Amino acid sequence: LSDLGATGDVWGRAELAGRPAALEGEASLRGRDMGYLWEDFTFTQAGSPWPILGDIIVPKGVTVEFEAGARLQVAPDTDGMGGGRQSSLTEIRFLPGSVGMFPSAGDPVVFAPNTDSPAPGDWQGLHFEDPDDTTVENAEVRYASIGIDLLGPRAAAVENVLVLHHSSIGINAS
């Protein structure tokens, strides 16, 4: 936390640059689901669907695991955090030194908008900025602006992924 100028733990009991994070309570995404994730977390299939109302930000030293069959439902056309690459659309963002663990087999992890009438560009997408040891695999990213955005010399690898109905770029690597 100190690397980010922050104090606190897990969700919501943290402050970054004097601004309280958006979540309250324990390491659970039930309720108001956005903010910095300060400890390792697993998105389980049993807990699905996981509602995401604003940016999920994974800082250095934190590992997020996605179980096979987990479903993350992103609120369309909004970003409760008001930040990231597009301040009006939600993204799931892995900062340098973070780790994302995806299943290599089983049902894919699905990232999609939480609406009966999805449209391309309903949310920003997955963003990986120089993460450690991350391979995005066995996943479906639906109706994002940029499905998967890979930045940095250690950009995440991508295998066995479907990016469907994006409004801009399916996979961006730079």
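Look a little higher up for the structure.
Residues numbered from 1 in each chain as written. Predicted model: local features only at pLDDT ≥ 70, side-chain atom pairs only at ≥ 80, totals over all residues. Heavy atoms only, no water.

A. Structural detail: the overall build of the chain. Within the chain, the regular secondary structure consists of 0 helices and 17 strands. In the chain, which comprises 174 residues, the share counted as buried stands at 49%. For the chain, contacts bridging at least 24 residues in sequence account for 49% of all contacts bridging at least 6. As displayed, the chain offers around 7,600 Å² of accessible surface, 46% of which is attributable to carbon and sulfur atoms. (Helix = DSSP H or I, 4+ residues; strand = E, 2+ residues; numbered from the N terminus. Buried < 20%, exposed > 50% of the residue type's maximum accessible area, 1.4 Å probe, protein only. Contact = heavy atoms within 4.5 Å. Areas by Shrake-Rupley, 256 points an atom, 1.4 Å probe, with all protein chains shown as cover.)

B. A look at the environment of W38. Tracing the chain through its elements places W38 in the loop between β4 (35-36) and β5 (41-43). Linking W38 and G61, residues 23 residues apart in sequence, is a C-alpha distance of 8.8 Å.

C. Region of the structure containing the pattern of salt bridges. With the rule as written, the count across this model stands at 2 salt bridges. Note that R93 is salt-bridged to E129, the shortest N-O span being 3.6 Å. Taken together, the positions of R93 in strand β10 (residues 91-94) and E129 in strand β13 (residues 125-129) put the pair 36 residues apart, joining distant regions of the chain. Given the relative accessible area of 27%, E129 is considered partly exposed. (Salt bridge = Lys/Arg side-chain N within 4 Å of Asp/Glu carboxyl O.)

D. Representation of unusual backbone geometry within the structure. With an omega of 0 degrees, the peptide bond running from S48 to P49 counts as cis. Turning to its location among the elements, P49 is positioned in the loop between β5 and β6 (50-52). Look at N138: it is not a glycine, yet its phi comes out positive at around 50 degrees. With respect to the element layout, N138 can be found in strand β14 (residues 135-142). Since its relative accessible area comes to 6%, N138 is described here as buried.

E. Representation of the pairing of β14. Taken across its 8 residues, β14 has 6 buried, putting it largely inside the fold. Sheet topology note: the strand β12 (residues 109-113)/β14 ladder contains 3 bridges and is parallel. Note that in β14 the partner of V110 across the bridge is E140. As defined by bridge partners, β14 adjoins strand β16 (residues 157-164) across 7 bridges and the pair is classed as parallel. (Pairing = 2+ DSSP bridges.)

F. Highlighting the pairing of β10. Direction of pairing for strand β7 (residues 56-58) relative to β10: parallel, over a ladder of 3 bridges. Residue pairing for β10: V58 is matched across the bridge by F94. One ladder, built from 4 bridges, connects β10 with β13; its direction is parallel. Residue pairing in the sheet places E91 in a bridge with G125 of β13.

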